[in-house]
Amino acid sequence: MDRPLAADLLLLALDEEKGTTLVDSSSLGPALLGATLVGFVLDGTLGLTPEKGEIQDAPAQPYPVGPGRFYRTSAPPPEDALLARIAEDADGKKPKDAITSIGVYTFSDTTGKLRGHLTAWLVAEGLVQESSQRVLGLFPRTVHPARDPRTRRALLGELRAVYQGSDPATPRTAALAAVVGAIDAAPRLFPDLDKKALKARAKQLRETQWAGRAVAKTLEEITTVIIAAAVVPTIVATSGT
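Quick look at the structure, then. Counting restarts for each chain, with residues numbered from 1 along the sequence as it is written. The model is predicted, so local features are restricted to residues of pLDDT at least 70 and side-chain atom pairs to those at 80 or more, both for listing and for counting; the totals for chains, interfaces and linings are taken over all residues. Water and hydrogen atoms play no part in the side-chain values, which are based on all heavy atoms of the structure.

### Regarding the pattern of salt bridges
Then comes step 1: Definition used for salt bridges: Asp or Glu carboxyl oxygen within 4 Å of a side-chain nitrogen of Lys or Arg. Summed over the entire model, instances satisfying the criterion amount to 13 salt bridges.
Then comes step 2: Between Asp 8 and Arg 3 there is a salt bridge whose closest N-O contact spans 2.2 Å.
Then comes step 3: Residue Asp 8 is classed as buried on the basis of its relative accessible area, which comes to 1%.
Then comes step 4: Of the charged contacts, one joins Arg 160 and Asp 192 as a salt bridge, the two residues approaching to 3.0 Å between their closest N and O atoms. Of this pair, Arg 160 sits in helix 6 (residues 150-164) while Asp 192 sits in the loop between helix 8 (186-189) and helix 9 (195-207); the two residues are 32 residues apart in sequence, bridging distant segments of the chain.
Then comes step 5: Residues participating in the shared-partner salt-bridge network are Glu 51, Lys 94, Lys 217, Glu 220 and Glu 221. Note on exposure labels: buried denotes an accessible area under 20% of the residue type's maximum, exposed denotes more than 50%, and partly exposed covers the range between, all computed with a 1.4 Å probe on protein chains only. Secondary structure elements are defined from DSSP: runs of H or I of at least 4 residues count as helices, runs of E of at least 2 residues count as strands, and each element is numbered from the N terminus.

### Observations concerning unusual backbone geometry
Then comes step 1: Even without a glycine there, the phi angle at Asp 184 is positive, about 60°.
Then comes step 2: As for its placement among the helices and strands, Asp 184 is situated in the loop between helix 7 (171-182) and helix 8.
Then comes step 3: Taking relative accessible area as the criterion, Asp 184 reaches 26% and is therefore assigned partly exposed.

### Things to note about the packing of helix 2 (residues 25-43) against helix 5 (residues 110-124)
Then comes step 1: Between the N-to-C directions of two axes lies an angle of 0 to 180 degrees, each axis being a line fitted to C-alpha atoms and, for a helix, fitted only over the stretch in contact. Two elements in contact, helix 2 and helix 5, have axes separated by 9 Å at closest approach and are oriented at 75°. Classified by the angle their axes make, helix 2 and helix 5 are roughly perpendicular. Contacts between helix 2 and helix 5 involve Ser 25, Leu 28, Gly 29, Pro 30, Leu 32, Leu 33 and Thr 36 from the former and Thr 111, Leu 114, Arg 115 and Leu 118 from the latter.
Then comes step 2: Each residue gets one of three labels, nonpolar for Ala, Val, Leu, Ile, Met, Phe, Trp, Tyr, Cys and Pro, charged for Asp, Glu, Lys and Arg, and polar for the others, Gly among them. Broken down by class, the residue content of the contact of helix 2 with helix 5 amounts to six nonpolar, four polar and one charged. Should an angle lie under 35 degrees it is considered roughly parallel, over 145 roughly antiparallel, and from 65 to 115 roughly perpendicular; all remaining angles are considered oblique. The contact rule is simple, with two residues in contact once any of their heavy atoms fall within 4.5 Å.

If you want it as structure tokens, here you go:
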């Protein structure tokens, strides 16, 4: 299968040398699911119906679901079984509800399965390698440093151009830059660039309809969920101190 947008996000989130993630899992999990949904909209697997009151050209036939919801298009489903199931589960849901009902605030652990699935794909493609190590010589953990860093470095080059330029290079790269900004990973990837400027650019990419209304709306809603998912563990940790 072609490399999913979420696989690009995970590859960027893995430290090239250490193999650990640059962002907390409470943000990364929802972001991977969100990037998967954005990827479905970009490739035509999912459509998004207009909200009430939005002026749109009349569809050739009535939409199968209500306003502001995903619907499965006539495009073939993803070849990958897990991705196909996520696309089907998103059908009929608003973007923010799709993330929360599929895997963020449920016991299905779809976000965990997706991350493991994407990691295995990156390993199989030879982009990262899996190794085990012990923290403090006691606690085992699995890390995924780069095996072939060329793809990750090429993505970093594309993102840098998007963050520094006035126009996005491609809808896919701009979408990736927007999601990277949503999990606040851009300053870690580009420590030499101004942090405020990076945040402002990511916000601009989420809010402008450079790839159409459906992508912009999906990015807007998934960003809200990603931020909320990151805040909850912080509140719980703070209340316990």
